[in-house]
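Fold and geometry: a report
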Amino acid sequence: MKHTIVMPDVGQTTSEAKILRWLKSPGEKITKGDHLLEVETDKVTMEVESYVSGYLRQVLAAEGETISALSPIAILTDAAEEEIPEAPPPPASRADAPRAPAKTIAVAPPVTPPSRIAPRLPAEFVEAPANEVELSGNQKLAIFRCMLLCRMFEERVYYLFLEGRLPGTVHQSAGQEASAVGVCSALVEGDVITSTHRPHSHAIARGLPVKSLMAELFAKSTGCCHGKGGSMHLGDLALGMFPAIAIVGGGIPLATGQALAFQYLGKRNIVACFFGDGAANIGTFHEGINMGAIWNLPVVYVCENNKYGASTAVEKVMRVEHVSDRAAAYGIPGERVDGNDVEAVYRAMWKAGERARAGAGPTLLELETYRFSGHSRSDPGRYRVPEEVAAWKQRDPLELYQKRLIAEGHLQDSEASAIKAQVEHELDEAVQYAEASSDPGKEECLTDVFA
Ligand SMILES: Cc1ncc(C[n+]2csc(CCOP(=O)(O)OP(=O)(O)O)c2C)c(N)n1
């Protein structure tokens, strides 16, 4: 079978990219996920991965050419010698770029960036003793499945994006599943979360149906926001998630306001307010948390410290060592937790949640974690040294939890594979559902929107 590889839409202000070099040559065997070529956009240079496995048969665009997004750039086939059915159309290349497609490309070995930046390695955490919030075997398995769903959802979305099937941009959260799932597992019906530009795992962990999330990413009317929110604004208040807010720090006052509403109405519900380390330097952080503190509001402020706000390392923009140190300024507890240990996150959230439900006010939780991908679809993450990324991958929250459940006797390898197959099937169905759904009609332009 023939597979046409297209140029992904990775530019920020333009929809084209220049091919710097091919990293594979015609005839080479390619595994899905292999880096095929390096491109330069208006903002960055980055490697482009293959979204299929097979043999690279034709390279359709030469190094130096500037190619429009979604134009074909290479042909792969499943078998090495397979006949290629028909000639592909030439790529849409800018008029001033050389037009002759390269037949065979000489490939230089990849260059590793110089390691001048000090790696931000995972900290050592002492495991907190198990207490009254002990989880049952079934609860642990549900947590594992949910983390797996978050991870596989992000992987699926990534490849759909590379294939040019998904519109818009995505900020992915692979690597941060333990924080999303640990926090949301400690919530009950009626509780609410607020989220950020990186909301996919928060939404899955809060229990939003995967079909409605996938349809939202495809901008379809069956999406959780009827196709008008997209990746960065997905949510469903009826299911306990405010549509996410992409303005950094924007969710903090909203969470505080919702907590005030819970208190005013005499409810025992709480708000879990997710935000990143970058948001801890935004004015709303101070105003929102201070207000939550002085009124003892039922809210837990959850900082997912993944070490970077976009490409800016956290210590470049913060004098205190830890975000949680700032809790002292508001007179509330601050706790730093291993954000890659899902049970540690669960316990900390449960404790902070009980405190909030009892009327004792907010807690600032800092969950130390790491995003495996770049900041967004167009960020290769070159500001991070390979040693740092490798050290965090050693602490992959999903692998850590799978090993732990196997060691505790709650899970076997074969069961983990079966769960993975189920999740794969659920995602296949979600993509089919999303692609078969209709676009929002013109008559819906002004419904569900406030401005
Ligand atoms: C007020 C505001 N400033 C800048 C941006 C652009 N921006 C989007 S995400 C981001 C980085 C946010 O970092 P962090 O809060 O640590 O979250 P993370 O991306 O690490 O999840 C920036 C600067 C924005 N969306 N809103």
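Anything mentioned here points back to the structure above.
What comes next is a walk through the structure. All figures in this text were calculated on a predicted structure; none of them were measured in a lab.

About the cut-offs
- Each chain carries its own residue numbering, running from 1 in the direction its sequence is written.
- Where totals are concerned, whole chains, interfaces and linings use all residues; where local detail is concerned, this predicted model gives features only for residues with pLDDT of at least 70, and gives and counts side-chain atom pairs only at 80 or more.
- Side-chain figures throughout are based on the complete set of non-hydrogen atoms in the structure, without hydrogens or water.
- Runs of H or I in DSSP of at least four residues are treated as helices and runs of E of at least two as strands, each being numbered from the N terminus.
- Each residue is assigned to one of three classes by its accessible area relative to the maximum for its type, calculated with a 1.4 Å probe on protein chains only: buried under 20%, partly exposed between the two thresholds, exposed over 50%.
- Any pair of N or O atoms that falls within 3.5 Å is considered a polar contact. Within protein, one atom must be able to donate a hydrogen and the other to accept it, and sequence-neighbouring residues count only if both atoms are side-chain atoms.
- For helices, the fitted line uses only the C-alpha atoms of the stretch in contact; every axis is such a line through C-alpha atoms, and the angle between N-to-C directions lies from 0 to 180 degrees.
- Under this scheme an angle from 65 to 115 degrees is roughly perpendicular, one under 35 degrees roughly parallel, and one over 145 degrees roughly antiparallel; angles in between are oblique.
- Helix crossings are classified by the rotation of the near helix relative to the far one: an anticlockwise turn of less than a right angle makes the crossing left-handed, while a clockwise turn makes it right-handed.
- Two residues form a contact once any of their heavy atoms are found within 4.5 Å.
- Lys, Arg, Asp and Glu make up the charged group, whereas Ala, Val, Leu, Ile, Met, Phe, Trp, Tyr, Cys and Pro make up the nonpolar group; the residues left over, Gly among them, are polar.
- Pairing between two strands requires that DSSP report at least two bridges joining them.
- Side-chain atoms within 4.5 Å link the members of a nonpolar core, which is a set of buried Ala, Val, Leu, Ile, Met, Phe, Trp, Tyr and Cys residues.
- The rule is short: rings of Phe, Tyr and Trp, with Trp giving its six-membered ring, pair when the centres are within 6.5 Å, and they are stacked under 30 degrees, edge-to-face over 60, tilted in between.
- We call a charge positioned above a ring when the Lys NZ or Arg CZ atom is no farther than 6 Å from the ring centre and deviates by at most 35 degrees from the ring normal.

Among the structural elements, Tyr158 can be located in helix H1 (residues 137–162). Taking relative accessible area as the criterion, Tyr158 reaches 24% and is therefore assigned partly exposed. A distance of 3.4 Å separates the side chain of Tyr158 from the side chain of Glu49, its partner in a polar contact.

The next point concerns the packing of H1 against helix H10 (residues 413–436). Viewed as axis vectors pointing N to C, H1 and H10 meet at an angle of 45°, and their least axial separation amounts to 10 Å. As far as their axial angle goes, H10 and H1 are oblique. Read as a crossing pair, H1 and H10 show a hand that is right-handed. Between H1 and H10, the residues in contact are Phe144, Arg145, Leu148, Leu149, Met152, Phe153, Arg156 and Leu160 and Ala416, Ile419, Lys420, Gln422, Val423, Glu424, Glu426, Leu427, Asp428 and Val431, respectively. In terms of residue class, the contact of H1 with H10 is built from 11 nonpolar, 1 polar and 6 charged.

Here we have 5 strands laid out as an open sheet, ordered E9-E10-E11-E15-E14, and parallel in their pairing. Two strands in the sheet have a free side with no partner beyond their single neighbour: strand E9 (192–194) and strand E14 (334–338). Each adjacent strand pair in this sheet contributes to an overall mean axis angle of 20°, direction not counted. In this structure, strand E10 (residues 271–276) lies alongside strand E11 (residues 299–305), joined through 6 bridges in parallel fashion.

For the rest of this paragraph, the subject is the nonpolar core. The biggest cluster of nonpolar side chains holds 65 residues, and the ones touching the most others in it are Phe144, Phe153, Met214 and Met349. The biggest single contributor to this core is H1, with 11 residues. Once residues lying within four places of it in the same chain are set aside, the contact partners of Met349 are Gly182, Val183, Ala186, Leu187, Ile270, Ala272, Val300, Val302 and Leu365.

The subject of this paragraph is the packing of aromatic side chains. The description of two aromatic rings rests on the distance between their centres and on the angle between their planes. Considering all chains together, one arrives at 5 aromatic pairs under this definition. With a centroid separation of 6.2 Å and an interplanar angle of 70°, the aromatic rings of Phe285 and Tyr330 are classed as edge-to-face. Highlighted residues: Phe285 in helix H6 (residues 283–294) and Tyr330 in the loop between strand E13 (312–313) and E14, separated in sequence by 45 residues. Tyr330 gets classed as buried once you look at its relative accessible area, which sits at 13%. Taking 5.1 Å as the distance between ring centres and 5° as the angle between the ring planes, the aromatic pair formed by Tyr370 and Trp392 counts as stacked. Remark: Trp392 occurs in helix H8 (residues 386–393) and Tyr370 occurs in the loop between strand E15 (363–368) and H8; sequence separation between them is 22 residues. Each member of the aromatic cluster is reached from another via a ring pair, and the members are Phe275, Phe285 and Tyr330. A cation over a ring is seen here: Lys393 above Phe372, with NZ or CZ 5.4 Å from the ring centre.

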